[in-house]
Amino acid sequence: MNAFIRTRDDIRKFILSREMLFLKIWSAIVAFVGLICIKANFGYNKTISQTWLLVVIAIICAFFPIQGVSIVLTIILLIDLLALSTEAAVVALVLVVASYLVCAYFRSKNTYNTVAVPICYSFHSPFVISLGAGLLSNINELCSVICGSVTAYYLHIIKDNAAAIIDETSDVSVVGLLNEQMLKGRMFYFFLVSMVAMFLIVYMLRQSNINMSWIVANLAGVIVEFLIMLVGYLLTSQKGEIPGLVLGNIIVIIVGIILNYFILDLDYSRIEKVQFEDDDYYYYVTAVPKIRIVEEEKEVKKI
């Protein structure tokens, strides 16, 4: 056990000592993955879909904060959708602007979730963002998760119906698809409810007075979300999506364990119950100590 803790502490120290470098690398990775997702799912604008250009954009994004990266990815997505359909790009722009306005109204700081959810949706694991926001953020971030979920589902619909949208002989319209497959589609609401349910359960349980609260929150959130999505797929006759759901939830659990390992360092084996009082109240406090390993003192003798 001590070896794992020492390894974690060493990794933390290494990253913190080179924090600016790792932030730049992280921004570049997020940008490149996002650009690859846009190319793989759409890629209708051949100019901005060239691999060398995506690499250049990702390198430039390395010097942007993560919020700036999300804006760049949004602009690239809109340009790509414009090559597919002006209507699709306009609707996407309306959703993006509405998302930022809603996040600003509810004072959500992590507006990049509105872009992160669609990216993770491409890997069948959008619930990673809901889990991470529930573990690391405050209740205000629920709006960014919801906005990101709406955008992700809209892009999913556009991707599945791209051939019909391009076909000039087809009478399919983006607004019609938005109405029929999203606003009137049951699966959209199952997806939205599962994202919200996971966030709320994780958020409440990780703050609760129980041992291993983060692990409990992770497992409980995954179970509730899985059951909601499973019912949704069964009721809408989409049983073929269940294997992807299982794989996505395995990824969510792994991410939750990694976050718990690197961020939370509580030793639940040494919980202490503390009682004290002042003139007005009597306090009962549960103190959970942090894991600390006394570093060995090395003595160098000169002969």
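Anyway, here's the lowdown on the structure attached to this text. All figures in this text were calculated on a predicted structure; none of them were measured in a lab. (Residues numbered from 1 in each chain as written. Predicted model: local features only at pLDDT ≥ 70, side-chain atom pairs only at ≥ 80, totals over all residues. Heavy atoms only, no water.)

What follows covers the overall build of the chain. Helix and strand counts for the chain come out as 13 helices and two strands. Counting only C-alpha atoms and orienting by the principal axes, one finds that the chain spans roughly 85 × 55 × 40 Å. Out of the 303 residues in the chain, the part that is buried amounts to 43%. Nonlocal contacts in the chain, meaning residues at least 24 apart in sequence, comprise 71% of its contacts between residues at least 6 apart. (Helix = DSSP H or I, 4+ residues; strand = E, 2+ residues; numbered from the N terminus. Buried < 20%, exposed > 50% of the residue type's maximum accessible area, 1.4 Å probe, protein only. Contact = heavy atoms within 4.5 Å.)

Topologically, Asn41 is positioned in helix 2 (residues 19–41). Among the polar contacts made by the side chain of Asn41, one reaches the side chain of Ser122 at a distance of 3.2 Å. Separated by 2.9 Å, the side chains of Asn41 and Lys159 make a polar contact. Among residues more than four places away in sequence, those in contact with Asn41 are Ser122 and Lys159. (Polar contact = N/O pair within 3.5 Å; in protein donor to acceptor, adjacent residues only side chain to side chain.)

Of note, the phi angle at Arg107 is positive, near 60 degrees, even though the residue is not glycine. When its relative accessible area of 68% is taken as the criterion, Arg107 is described as exposed. At His124, a position not held by glycine, the phi torsion is positive, near 60 degrees. Along the chain, His124 turns up in the loop between helix 6 (113–122) and helix 7 (127–136).

What follows is about the pattern of salt bridges. Once the charged atoms of two side chains with opposite charge are near each other, the side chains can pair. This model, assessed by the stated rule, comprises one salt bridge. Between Glu180 and Lys184 there is a salt bridge, with its nearest N and O atoms 3.8 Å apart. (Salt bridge = Lys/Arg side-chain N within 4 Å of Asp/Glu carboxyl O.)

Before going further, it helps to spend a moment on the environment of Ser85. Residue placement: Ser85 occurs in the loop between helix 4 (66–84) and helix 5 (86–105). The class of Ser85 is buried, set by a relative accessible area of 12%. In sequence terms Ser85 and Met195 are 110 residues apart; their C-alpha atoms lie 29 Å from each other. Ignoring sequence-local partners within four residues, the contact set of Ser85 consists of Ile165 and Val174. In this structure the side chain of Ser85 is engaged in a polar contact, spanning 3.3 Å, whose partner is the backbone nitrogen of Glu87.

Right, let's get into the environment of Val145. Along the chain, the position of Val145 falls in helix 8 (residues 142–160). Take Val145: its relative accessible area is 1%, and that puts it in the buried class. Sequence spacing of Val145 and Cys103 is 42 residues, and the spatial spacing of their C-alpha atoms is 9.7 Å.

Together, Glu277, Asp278, Asp279 and Asp280 line one region of the surface with negative charge. When you line up the elements, Glu277 lands in strand 1 (residues 272–277). (Patch = residues over 30% accessible without salt bridge, like charges linked within 9 Å, V, L, I, M, F, W, Y side chains within 5 Å. Areas by Shrake-Rupley, 256 points an atom, 1.4 Å probe, with all protein chains shown as cover. Lys, Arg positive; Asp, Glu negative; His and termini not counted. Charge placed at Lys NZ, Arg CZ, Asp CG, Glu CD.)

This next bit is on a nonpolar patch on the surface. Side chains of Phe32, Ile36, Trp52, Val55, Val56, Ile59, Ile60, Phe63 and Phe64 sit close together on the surface and give an oily, nonpolar patch of about 830 Å² of accessible area. Residue position: Phe64 is located in the loop between helix 3 (51–61) and helix 4.

Let's shift gears to helix 12 (residues 213–235). Here helix 12 is 23 residues long and its end C-alpha atoms lie 33 Å apart, about the 33 Å a rise of 1.5 Å per residue gives. Looking only at helix 12, the buried set comprises Ser213, Trp214, Ala217, Asn218, Gly221, Val222, Glu225, Ile228, Met229, Gly232 and Tyr233. Two residues or fewer past helix 12, Ser237 is found with a positive phi of approximately 55 degrees. (Expected span 1.5 Å × (residues − 1).)

Next up on the list: the packing of helix 6 against helix 8. The N-to-C vectors of helix 6 and helix 8 enclose an angle of 45 degrees; their axes lie 7 Å apart at closest approach. Here helix 6 is positioned oblique relative to helix 8, judged by the angle of their axes. Along this stretch, helix 6 crosses helix 8, giving a crossing that reads as right-handed. Between helix 6 and helix 8, the contacting residues are Asn113, Thr114, Val117, Pro118 and Tyr121 on the first element and Ser144, Val145, Cys147, Gly148, Ser149, Thr151, Ala152, Tyr153, Leu155 and His156 on the second. Residue classes in the contact of helix 6 with helix 8 are distributed as eight nonpolar, seven polar and no charged. (Axes fitted to C-alpha atoms, helices over the stretch in contact; angles between N-to-C directions. Parallel < 35°, antiparallel > 145°, perpendicular 65-115°, else oblique. Left-handed = near helix turned anticlockwise from the far one by under 90°. Nonpolar A, V, L, I, M, F, W, Y, C, P; charged D, E, K, R; others polar.)

So, to be careful, I would describe these as geometric facts and stop short of saying anything about function.
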